[in-house]
Amino acid sequence: MTRYFLAAMLLLLPLLASAKIANIPVAKCSSDSASINEESFVVIGGIEQWVTIHGANCSNPVVLFIHGGPGNPLTPYASSLYGAWEKEFTLVQWDQRGAGKTFGRNPDTAKSELTIEQMTQDGTELAAYLTKHLRKKKIILMGGSWGSYLSVHMAKSRPDLFHAYIGMGQMVNYPENQISSYTKVLALAHAAKDAKTFTTLETLGPPPWTNPRNFGILRRATRVYEAKTTTPAPKSWWTPSPDYTTPAMQADYEAGEEYSYIQFVGLAGDGILSDVDLPKLGTQFKLPVFMIQGSEDLVTTPEVAKRYFVSITAPKKEYVLLPRTGHDPNEAMIAAQYNVLKALSA
């Protein structure tokens, strides 16, 4: 009986091995002309994190998107916003630690603290994985809002991994960003004789704040006033892909968003946001830097972003200011991103 058991196990070994390997993404860029369409969990920072890779031709430049929030993945909307780019670029979306499908896969994340150090390590580990997986020496780094803050940390930590950094809605410094945002919205409410918004903000008082609700109150006000002076994005952009609309996935998404928000602002105003200070990292970059800002951005105001941009040195740098554009992307923002990418790949 032992002999038959051993024989059966020997027959099963190849199947067991292939089952284990199936969980590991296999590089599909075996040739430059091959296309790639991968959606899988990749082990990053000791946990499985959701990564999608789409492109028509493996010879194309690779763009790694770093989403905002920090709990708001771009992945559910990537096809609507960026699908047309897949002919010319290989596009990588990543649900960060504490967000989207990555949070759903690792619900125990809610018991841990989210730190910029861990997120930076995750991001550079993913970038290093992509260079090997896609057979590239370097990739292009693109981040917006929270993603712009994380991206700068990644670019400063491992400049050898990136061709260039492209930032939108650039976060710079907590006191500067928050006070600029608060002051501008308060002035707009006063000019508009919007007593309700003006009184609400005046009651809060200027930042820094210790009540996490205050950040949400200001953010809602910025949306109201940005809507008055910006060209909106097509509504169709914000229809999530079907895999993000199941009841279970929606619950995971919302739980991750709530967790990430509290980690970001802190229960007493002492979250990741309170330590945001990019100039402290140094203003010298070893790679090209591009910043694309909306002229009507009331969250990461262009005045603060421009001061930071002026202060930095880089092999090449460019600042693009877009009229009728706020903090959230619209068609002008997507077009500007594309133009920068085309110039980089020329």
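Residues numbered from 1 in each chain as written. Predicted model: local features only at pLDDT ≥ 70, side-chain atom pairs only at ≥ 80, totals over all residues. Heavy atoms only, no water.

Caption draft 1: Representation of a negative patch on the surface. A grouping of Glu113, Glu117, Asp270 and Asp275 is seen on the molecular surface, where their side chains present a negatively charged patch. Examined against the element boundaries, Glu113 turns out to sit in the loop between helix 3 (100–105) and helix 4 (116–133). Owing to a relative accessible area of 63%, Glu113 belongs among the exposed residues under this scheme. (Patch = residues over 30% accessible without salt bridge, like charges linked within 9 Å, V, L, I, M, F, W, Y side chains within 5 Å. Areas by Shrake-Rupley, 256 points an atom, 1.4 Å probe, with all protein chains shown as cover. Salt bridge = Lys/Arg side-chain N within 4 Å of Asp/Glu carboxyl O. Lys, Arg positive; Asp, Glu negative; His and termini not counted. Charge placed at Lys NZ, Arg CZ, Asp CG, Glu CD. Helix = DSSP H or I, 4+ residues; strand = E, 2+ residues; numbered from the N terminus. Buried < 20%, exposed > 50% of the residue type's maximum accessible area, 1.4 Å probe, protein only.)

Caption draft 2: Fine view of the environment of Asp95. Within the secondary structure, Asp95 is located in the loop between strand 4 (90–94) and helix 3. Taking the C-alpha atoms as reference, Asp95 lies 8.1 Å from Asn72; in sequence the two are 23 residues apart. Discounting residues that sit within four places of it in the chain, Asp95 has contacts with Gln49, Trp50, His67, Pro73, Thr75, Gly100, Lys101, Thr102 and Tyr244. Within the local environment of Asp95, its side chain forms a polar contact with the side chain of Tyr244, the two groups lying 2.6 Å apart. (Contact = heavy atoms within 4.5 Å. Polar contact = N/O pair within 3.5 Å; in protein donor to acceptor, adjacent residues only side chain to side chain.)

Caption draft 3: Layout of unusual backbone geometry. Cis geometry marks the peptide bond from Gly69 to Pro70; its omega dihedral reads 20°. Mapped onto the secondary structure, Pro70 falls in the loop between strand 3 (62–66) and helix 2 (78–82). The peptide bond linking Pro207 to Pro208 adopts the cis configuration, its omega dihedral lying at 15°. Relative to the elements of secondary structure, Pro208 occurs in the loop between helix 7 (195–204) and helix 8 (212–229). One non-glycine residue, Ser145, lies in the positive phi region at around 60°. If you trace the backbone, Ser145 turns up in the loop between strand 5 (139–144) and helix 5 (146–157).

Caption draft 4: Quick look at helix 10 (residues 302–311). Taken residue by residue, helix 10 has Pro302, Val304, Ala305, Tyr308 and Phe309 as its buried positions. Angularly, the buried residues of helix 10 cover 160° about the axis, an arc narrow enough to put them on a single face. If you follow the buried residues of helix 10, they end up packed against helix 5, helix 6 (174–191), strand 7 (289–294) and strand 8 (317–322). (Arc of directions from axis to C-beta.)

Caption draft 5: Structural detail: the packing of helix 4 against helix 5. Two elements in contact, helix 4 and helix 5, have axes whose closest approach is 9 Å; the angle formed by their N-to-C orientations is 70°. When the axes of helix 4 and helix 5 are compared, the pair comes out roughly perpendicular. Every pair of crossing elements has a handedness; the one defined by helix 4 and helix 5 is right-handed. Contacts from Ile116, Met119, Thr120, Gly123 and Thr124 in helix 4 reach Trp146, Tyr149, Leu150, His153, Met154 and Ser157 in helix 5. Taken together, the residues that form the contact of helix 4 with helix 5 break down as 6 nonpolar, 5 polar and no charged. (Axes fitted to C-alpha atoms, helices over the stretch in contact; angles between N-to-C directions. Parallel < 35°, antiparallel > 145°, perpendicular 65-115°, else oblique. Left-handed = near helix turned anticlockwise from the far one by under 90°. Nonpolar A, V, L, I, M, F, W, Y, C, P; charged D, E, K, R; others polar.)

Caption draft 6: Seen up close, the layout of surface pockets. Of the voids in this model, the second largest pocket is the one considered here, and its volume is about 360 Å³. Taken together, 19 residues form the lining of the second largest pocket, with Thr115, Ile116, Gly271, Ile272 and Asp275 sitting closest to its centre. Listing elements by their share of the lining of the second largest pocket, those giving two or more residues are helix 4, helix 5 and helix 9 (247–265). It is helix 4 that contributes the most residues to the lining of the second largest pocket, 3 residues altogether. (1 Å grid on protein atoms, 1.4 Å probe; cavity = no way out; pocket = protein on both sides within 12 Å on 5 of 7 lines; lining within 4 Å. Points joined across faces, edges and corners; volume = space filled by probe spheres on them.)

Caption draft 7: Main features of the pairing of strand 7. In terms of burial, strand 7 is largely enclosed, as 6 of its 6 residues are buried. The alternating pattern of strand 7 places Val289, Met291 and Gln293 on one face and Phe290, Ile292 and Gly294 on the opposite face, and all of these are buried. Both strand 6 (residues 162–168) and strand 7 contribute to a ladder of 4 bridges, which runs parallel. The residue of strand 7 that forms the bridge with Met168 is Ile292. Across 6 bridges, the pairing between strand 7 and strand 8 is parallel. Within strand 8, the position partnered with Ile292 by the bridge is Val320. Crossover handedness for the path strand 7 to helix 10 to strand 8: right-handed. (Pairing = 2+ DSSP bridges. Right-handed = clockwise from strand over helix to strand, strands pointing away.)

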